[in-house]
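Coordinate analysis (summary)
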Amino acid sequence: MPETIPFIRIFVSSPGDVNDERQIALEVIEQLPYRPTFREKVAFRVIAWDKPGAGTPMRATLTPQDAINKGLPRPSECDIVVVLFWSRMGTPFVHTDGVEYQSGTHWELLDALEANRPETVIYHRTDEPPFKISDPDFDNKHTQYKAVQAFFESDLFYSADGKIKRGINLYKTPDDFRKAFEIDLEVLVLDILNHLETEAESVTDLVPDTDVNISTIRAVEWPPDQSPFPGLRAFTEADAPIFFGRGYETDALIKQLQASRFVAVVGASGSGKSSLVGAGLIPRLRGNAIEGSKDWQIIRFTPGDEPFINLAEALMRELPNLRLSELLKAREGVVSLIENALVEAPAWAKVLLFIDQFEELFTLSSAADAQAFAMLLDAIAKSGRVRVVVTMRADFYHRAVEFPQFAELLRAGSFPLTIPKRDALRQMIERPAERAGLTFDHALVDRMLDDTGDEPGNLALMAYALDELYKLDDDHTLTHDEYEQLDGVQGAIGTRAENQFIALGMDDSVLQQVFHALVEVDERGTATRRREHFQPDSLPDDVRTLIKSFTDARLLTTSYDPTNKTATVEVAHEAILRSWPRLTEWIEATQDDLRLLRQVHHAAAEWDEKGRPEYLLWPQERLKLVYAMQEQLNPELSETEQAFTEPEQNRLLREIAVITTDHKRRRWIGERLATIGDPRSDIGLDERGLPQIAWLPVTPGGEIEIQEQRFTVKPFYVAQYLTTYSQFQAFAEASDGFADERWWVGFPDKYVKQSLSAAVAQYDNYPRDSVSWYQAVAFTRWLDAKYRQHGLFAQFSDRNWQLRLPTEQEWQWLAQNGNEARQYPWGEWDEQPRANTSEAGIGDRSTAVGMYPHGAAVCGALDVAGNLYEWCANNHGDPEIIDATNTSYKVLRGGAFSSNPHGAAASYRNLDFLNPHSDLGNFGVRLVVAPILRL
């Protein structure tokens, strides 16, 4: 910058109803020294006789005499005088010379006009005045408004014959004023510079005035490590000096906020919703764009997965006299708490809630929280002290209107936001660049505008490309070559992300592990970002490295809470989800899984919120999809989500372990397990296709008396379960099974390969019913041979044992627990559901094996009493005889679903239907491994 530059004095004069334009005027003046034509050639002193700290929303001014007494420059002593009028003339006063003026602004204008030096420009806003008939101060404001109209029809502006004496610049909105004033100021300053004397004022001589009524404005060097383009992040209030191109929308948003207590800025992802509110609306409110808004408390937050907690914490930051406990206890009373917190604030002060990314209420929050929040906002919309502005993606509008309260609010308060027009986009490119002293290669801006186009979301791509272009620059000139390195507007994000990822040298699985937690896909297949909380120390090194690298590249944003040592990470902008081919392809390939993961988050939260009721848990058919999704995405589920997605089988098996679970429920559980897959390993087949059996030791042996005969029982092993349908089918369907004559040797010819009846209950986890004694023996012979073939007897202490039917004495020994001689396997009969006998009242067939764990024998064998009768090896008439060649009655023990409790007793011997060829629907098989018998 040269050692000396001229300082141009600009005097700004107006009543208090155009504060918005005064702020805009200052912004325009602040920008001018950075324009290429004026850079390092001009600076400004802006003089405004505003009285700071007046404590009212209406502008108060010093009287001219007070200002002169303070040594402030008069309008006539300045180079440019800007005078603004709308609906007020201001407060009348009498000058010390006795002359009466309509207001201080009136005097300031006349002082300028009566001198030769200043260039005076007058602006008059022509749209509807900012008051209604219902306004308590209507009469005064209406009188003021009429005075303004009369003033502009006075002889100050028109001669007696109606000719115009001086020009008036008419405008309708603040943004119209901005556009006009930018042009007018350039012309005026250029004219002044062209006529300046050769000696420029010395900067060192012009020490900035310390008076608050004077601002010194000149170009300052832009920090080289700070980009004038925000990239993927939204503009904030601090970015107001580099926020351009949205003046019209900001005007319209202010006007809508004046008329409505709830406004929803709705637009496509990447259309600039958050930036419009953060860097457009809020700075204008700080400048009193709405009368009194300079004293508003502005509170910004995002709903996240806990909208009420996030709201409460945001309120406490700005209203420290509020307490979190109070806010959370009184959800419905939050409005009253806010209003009470403003008791000591000026009467016109309000709270503005800025709820950014409002769609998180439907993507991250539970349905219950969303409903409760809708009711809260409905109450807020009725409050005179609270206003709400939300930003919401247009593709979630249909989700919002599902709530009646939101539908009503949106009907009156929607503010649709589209992508800026080409001229506005040009300002977004060129004006921040001017601020940083950047220039563009010829036609590069037009090239970028062409590449940006008018597709929704492309605004974010353009912003990121500009930020990346700034990083490549080393000479303050942004070139076509640099732009091509980025692969243009459309490719900049994808190129940066891909290069960043390739440089890490990681597998795609790491990328997927990070992004599955940061991406949600809704029912329509729309990908959105989600916020994830984690403890950095708990992450794998490669995941932590990727997050840090992408955060440094501003593709992710990360914040850290040292209190609970938790970090929060999210995608910097959803544009990355559409513009990085590697990520886009993965999202497309896994969108069903990502959609399901989102559903799990919400369903688990609702289940937990409502006290974890059984009826809200998902069935196994749906959980299977969840498990497949987990295989693909490997997501880290919370404790609640893990509990919610527990296999239904585990829940059902836990239920049968509760003794009070009734008989009908046990039968249903067995059928349900058969339908969805019974996880118990010892009721099915092993990898060889052989029955997989849990063998339980029955020890020690001892003496037992049956039919007045004494028997010695040696220790043996018994199957925990009755032989199941699937296990017997392995024998029935094997090529060397049922049809193989080896297993039928010695049987009466009539019953060799006796036709196998269809089972009554054909569920894999049910006991195989309708089995004759001959068929049961053939089955044990086959399985015994298989055990020997595969060396499976090695697991037993005596390898010379045999797999067979139990003898009657062995069966009774295990049922009554040896010498303890129990009446039933569990002890005495009681009313608890311990066995499927006729008293269970559940129908005419068996239940799945093992549905009565409280009826187990001491050794652990299940269904020893009830369910199905169990064939034993002995002849019924003489238990000493074990012979397969005859047709003598054989022993059936244990009772069945058709038996009363007496018939299920450990010592009871059945007297009916004992023919070895009988295959009734209540006959079944239990296996033992015991000393060898010849069967």
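In short, a report on the structure. (Residues numbered from 1 in each chain as written. Predicted model: local features only at pLDDT ≥ 70, side-chain atom pairs only at ≥ 80, totals over all residues. Heavy atoms only, no water.)

Here we take up the overall build of the protein chain. Counting its secondary structure elements, the protein chain contains 30 helices and 29 strands. Computed over the C-alpha atoms, the radius of gyration of the protein chain is 44 Å, more than 25% above the 30 Å expected from 2.2 N^0.38 for a compact globule of 935 residues. Within the protein chain, buried positions represent 56% of all 935 residues. Look at the contacts in the protein chain between residues 6 or more apart in sequence, and 75% of them connect residues 24 or more apart. In the structure as shown, the protein chain presents an accessible area of about 40400 Å², 48% of it carried by carbon and sulfur atoms. With 95 positive and 142 negative side-chain charges, the protein chain shows a spacing of 3 Å between the two charge centroids. (Helix = DSSP H or I, 4+ residues; strand = E, 2+ residues; numbered from the N terminus. Rg over C-alpha atoms; globule rule 2.2 N^0.38 Å. Buried < 20%, exposed > 50% of the residue type's maximum accessible area, 1.4 Å probe, protein only. Contact = heavy atoms within 4.5 Å. Areas by Shrake-Rupley, 256 points an atom, 1.4 Å probe, with all protein chains shown as cover. Lys, Arg positive; Asp, Glu negative; His and termini not counted. Charge placed at Lys NZ, Arg CZ, Asp CG, Glu CD.)

Moving on to empty space enclosed by the protein. Within the structure shown, the criterion is met by four cavities of 30 Å³ or more. In this model, the second largest cavity occupies a volume close to 50 Å³. Around the second largest cavity sit Asp682, Ile693, Ala694, Ala719, Tyr721, Leu722, Thr723, Gln727 and Leu927, which together line it. Grouping the constituent residues of the lining of the second largest cavity by class yields six nonpolar, two polar and one charged. (1 Å grid on protein atoms, 1.4 Å probe; cavity = no way out; pocket = protein on both sides within 12 Å on 5 of 7 lines; lining within 4 Å. Points joined across faces, edges and corners; volume = space filled by probe spheres on them. Nonpolar A, V, L, I, M, F, W, Y, C, P; charged D, E, K, R; others polar.)

In this model, the second largest pocket occupies a volume close to 1300 Å³. What lines the second largest pocket is a set of 42 residues, among which Pro130, Phe131, Gln258, Ile290 and Glu291 lie closest to the centre. When contributions to the lining of the second largest pocket are tallied by element, the ones reaching two or more residues are helix H1 (19–31) and helix H6 (247–259). With seven residues, H6 is the single largest residue contributor to the lining of the second largest pocket. Grouping the amino acids of the lining of the second largest pocket by side-chain chemistry returns 17 nonpolar, eight polar and 17 charged.

Turning to the packing of helix H17 (residues 458–472) against helix H19 (residues 488–504), a few remarks are in order. Interaxial distance between H17 and H19 falls to 8 Å at its minimum, and their mutual angle equals 70°. It follows from the interaxial angle that H17 and H19 lie roughly perpendicular. Helix-helix and strand crossings are classified by hand; for H17 and H19 the assignment is left-handed. Residue-level contacts link Asn458, Leu461, Met462, Tyr464, Ala465, Glu468 and Lys471 of H17 to Gly488, Val489, Gln490, Ala492, Ile493 and Arg496 of H19. For the contact of H17 with H19, a count of residues per class yields seven nonpolar, three polar and three charged. (Axes fitted to C-alpha atoms, helices over the stretch in contact; angles between N-to-C directions. Parallel < 35°, antiparallel > 145°, perpendicular 65-115°, else oblique. Left-handed = near helix turned anticlockwise from the far one by under 90°.)

For the rest of this paragraph, the subject is the sheet that holds strand E10 (residues 297–301). Strand order in the open sheet formed by five strands is E10-E11-E12-E9-E13, and the pairing between neighbours is parallel. Whereas interior strands pair on both sides, the edge strands pair on one side only; in this sheet they are E10 and strand E13 (414–417). Sheet twist, expressed as the mean angle between neighbouring strand axes with direction ignored, is 15°. By the bridge criterion, five bridges tie strand E11 (residues 351–355) to strand E12 (residues 386–393) in an arrangement that is parallel. (Pairing = 2+ DSSP bridges.)

A few words now on the nonpolar core. The biggest cluster of nonpolar side chains holds 78 residues, and the ones touching the most others in it are Met448, Phe515, Phe550, Leu555 and Trp580. Per element, the largest residue contribution to this core is 10 residues, and it comes from helix H23 (residues 581–609). Those residues within four positions of Trp580 in sequence are excluded, and the remaining contacts are Gly494, Ala497, Glu498, Phe501, Leu511, Phe515 and Phe550. (Core = buried A, V, L, I, M, F, W, Y, C linked by side-chain atoms within 4.5 Å.)

Right, let's get into the packing of aromatic side chains. Scanning the model with the defined rule gives 49 aromatic pairs in all. When the centroid spacing of 5.3 Å and the interplanar angle of 70° are considered together, the rings of Phe308 and Phe373 count as edge-to-face. Of this pair, Phe308 sits in helix H8 (residues 307–318) while Phe373 sits in helix H12 (residues 367–380), and the two are 65 residues apart along the sequence. Exposure remark for Phe308: the relative accessible area of 6% places this residue in the buried category. (Phe/Tyr/Trp six-rings, centres within 6.5 Å; stacked < 30°, edge-to-face > 60°.)

Right, let's get into a negative patch on the surface. On the surface, a cluster of negative charge is contributed by Asp305, Glu306, Glu313 and Asp561. Locating Glu313 in the fold gives a position in helix H8. Residue Glu313 is classed as partly exposed on the basis of its relative accessible area of 36%. (Patch = residues over 30% accessible without salt bridge, like charges linked within 9 Å, V, L, I, M, F, W, Y side chains within 5 Å. Salt bridge = Lys/Arg side-chain N within 4 Å of Asp/Glu carboxyl O.)

Applying the stated criterion across every chain, the model contains 66 salt bridges. For Lys548, the salt bridge identified is with Asp552, shortest N-O distance 2.9 Å. In this pair, Lys548 and Asp552 are both assigned in helix H21 (residues 541–552), four residues apart and thus about one turn of the helix distant. Here Lys548 matches Asp552 in class, with each residue exposed. In this structure, the salt-bridge partner of Glu655 is Arg665, at a minimum N-O distance of 2.6 Å. A residue pair is termed long-range when its members are at least 10 positions apart, and Glu655 in helix H26 (residues 648–656) and Arg665 in helix H27 (residues 663–676) qualify at 10 residues. When its relative accessible area of 27% is taken as the criterion, Arg665 is described as partly exposed.

A separate point is the pairing of strand E3 (residues 80–85). For E3, the buried fraction is high: six of the six residues fall into the buried class. Neither face of E3 is open: one carries Ile80, Val82 and Leu84, the other Val81, Val83 and Phe85, and all of them are buried. Strand direction decides the pairing type here: E3 and strand E6 (residues 119–125), joined by six bridges, are parallel. Following the sheet pairing, Val83 is matched in E6 by Ile122.

At a closest axis distance of 8 Å, the pairing of helix H5 (residues 174–195) and H6 adopts a crossing angle of 150°. Comparing the axis directions of H5 and H6 gives the class roughly antiparallel. Contacts from Pro174, Asp175 and Asp176 of H5 reach H6 at Gly247, Tyr248 and Asp251. When grouped by side-chain class, the residues that make up the contact of H5 with H6 number two nonpolar, one polar and three charged.

So, on to the side chain of Glu808. Along the chain, Glu808 falls in helix H30 (residues 808–815). For Glu808, a relative accessible area of 0% corresponds to the buried category. At 2.7 Å, the side chain of Glu808 forms a polar contact with the side chain of Arg893. Apart from the residues within four sequence positions on either side, Glu808 is in contact with Ile706, Cys872, Asn874, Pro879, Val891, Arg893 and Arg909. (Polar contact = N/O pair within 3.5 Å; in protein donor to acceptor, adjacent residues only side chain to side chain.)

The next subject is the sheet that holds strand E7 (residues 169–171). Read from one edge of the open sheet, six strands run E7-E6-E3-E1-E2-E8, paired in mixed fashion. The open sheet is flanked by E7 and strand E8 (214–217), the only strands paired with a single partner. Across the sheet, the mean angle from the axis of one strand to that of its neighbour is 20°, orientation sign disregarded.

Let us look at the pairing of E12. Among the eight residues in E12, eight count as buried, and that is most of the element. Direction of pairing for strand E9 (residues 262–267) relative to E12: parallel, over a ladder of six bridges. Bridged to Ala264 within E12 is Val390.

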